[in-house]
Amino acid sequence: MGNSLKAIVAFVPSDECQKCVLEDLEEMPVDKMVDLSSRQLRRLPLHICSFRELVKLYLSDNNLNHLPPELEQLQNLQILALDFNNFKALPLVVCTLKQLCILYLGNNKLCSLPLELRLLQNLKTLWIESNCLQHLPEVVCELSLLKTLHAGSNALRTLPAQLRCLQELRTIWLSGNLLSEFPPVLLHMPFLEVIDVDRNAIRFFPSLAHLPGLKLVIYDHNPCRNAPKVAKGVRRVGRWSEETPEPRKRSGAVIEITLDERPSPPPTDKPESE
């Protein structure tokens, strides 16, 4: 599809123009997946909502700021990608899709999440990174099957104590926030396997050696003077990790030791399942 036609669709988002772009999607796809990413769409074509057996819908990297109520017809939807759009609020119709397992909301303009999100009790993966969240919405703590939470690159300063109720949670990504201390609630979540607090403002790390499920902790780019203590076999990524010793006091001075080569962080590509 040429750039000129895409530009026309962006500025004249009529059903006729969108039909030109989506002419190959007039029938339900055999694989039950529709990918409309990077189409410069300003609204979701309504005929997509007639594909009632649809399982995966990717709407990433468009110009969407609302969704039609007809989306509620997609009751078999399991994966919905709304990242890289212009949503200032999560459309409530999303909360009616009760079979959703994976929801991508990153890189929007969200300042909060609606209480209706608690209706998505099958949700296992939630990406809300790169939004405008100053607090982690407590409604997230009601998603009892949640296994992966990506809340990096917001303005979080703390985490709610109710987070410990998410006993299925295994991975939490908090990189690029405003945490000044290691979130105390995480010390009471022995089931966590991956904790990422990279690029925050944490000056001291408590021991994490009592967390039996922990496999990886990423704590680099914090103004800390110690590395978190971990159990044997747990990988640490940050200063004074397993590759080098922690700094020792000598004559009242702290000897800084930095890594020439740090392990690469985990890939940030979207998984399709957890």
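Residues numbered from 1 in each chain as written. Predicted model: local features only at pLDDT ≥ 70, side-chain atom pairs only at ≥ 80, totals over all residues. Heavy atoms only, no water.

An unreviewed UniProt entry annotates the chain as LRC10 protein of Chauna torquata.

An account of the environment of Ser 175 is needed here, citing residue identities and associated values.
On the secondary structure map, Ser 175 appears in the loop between β7 (171-173) and β8 (194-196). Accessibility expressed as a relative area gives 17% for Ser 175, which makes it buried. Measuring from C-alpha to C-alpha, the distance between Ser 175 and Arg 199 comes to 5.5 Å, with 24 residues separating the pair along the chain. If sequence neighbours within four positions are ignored, Ser 175 has contacts with Gly 152, Ser 153, Asp 196, Asp 198, Arg 199 and Asn 200. Of note is the side chain of Ser 175, whose polar atom sits 3.2 Å from the backbone oxygen of Asp 198. (Helix = DSSP H or I, 4+ residues; strand = E, 2+ residues; numbered from the N terminus. Buried < 20%, exposed > 50% of the residue type's maximum accessible area, 1.4 Å probe, protein only. Contact = heavy atoms within 4.5 Å. Polar contact = N/O pair within 3.5 Å; in protein donor to acceptor, adjacent residues only side chain to side chain.)

Tell me what's going on with the side chain of Asp 198, and back it up with residues and numbers.
Take Asp 198: it is sitting in the loop between β8 and β9 (216-218). Excluding residues within four positions of it along the chain, Asp 198 makes contact with Leu 174, Ser 175, Gly 176, Ile 218, Tyr 219, Asp 220, His 221 and Asn 222.

Explain the pattern of salt bridges to me, and be specific about the residues and the numbers.
With the rule as written, the count across this model stands at three salt bridges. A salt bridge links Arg 118 to Glu 142; its shortest N-O distance comes to 2.8 Å. Pair noted here: Arg 118 is in the loop between β4 (102-104) and β5 (125-127) and Glu 142 is in the loop between β5 and β6 (148-150), with a separation of 24 residues, a long-range link. You can call Glu 142 partly exposed: its relative accessible area is 34%. Glu 193 is paired through a salt bridge with Lys 215; the nearest N and O atoms lie 3.9 Å apart. With Glu 193 in the loop between β7 and β8 and Lys 215 in the loop between β8 and β9, the pair connects residues that are 22 residues apart, well separated along the chain. For Glu 193, a relative accessible area of 26% gives the class partly exposed. (Salt bridge = Lys/Arg side-chain N within 4 Å of Asp/Glu carboxyl O.)

Describe the nonpolar core, listing the residues and the values that go with them.
A general tendency of soluble globular proteins is for nonpolar side chains to be buried together. Core analysis: the biggest nonpolar cluster contains 70 residues, and Leu 163 and Leu 186 have the highest contact counts within it. Beyond its immediate sequence surroundings of up to four residues, Leu 186 is in contact with Leu 159, Leu 163, Ile 172, Leu 174, Leu 192, Ile 195 and Leu 211. In terms of nonpolar packing, the next biggest core, distinct from the first, is built from six residues, Ile 79, Ile 102, Tyr 104 and Trp 127 among them. (Core = buried A, V, L, I, M, F, W, Y, C linked by side-chain atoms within 4.5 Å.)

How would you explain the packing of aromatic side chains if you had to name every residue and give the values?
This structure, assessed with the given rule, holds three aromatic pairs. One aromatic cluster is present, formed by Phe 182, Phe 205 and Tyr 219 through successive ring pairs. (Phe/Tyr/Trp six-rings, centres within 6.5 Å; stacked < 30°, edge-to-face > 60°.)

Break down the sheet that holds strand β10 (residues 235-237) for me, with residues and values.
Strand order in the open sheet formed by 10 strands is β1-β2-β3-β4-β5-β6-β7-β8-β9-β10, with parallel pairing between adjacent strands. Two strands close off the open sheet at either side, each with one partner strand: β1 (33-35) and β10. Geometrically, the sheet is characterised by an average inter-axis angle of 5° between neighbouring strands, direction not taken into account. As judged from the three bridges shared by β7 and β8, these two strands associate in the parallel manner. (Pairing = 2+ DSSP bridges. Axes fitted to C-alpha atoms, helices over the stretch in contact; angles between N-to-C directions.)

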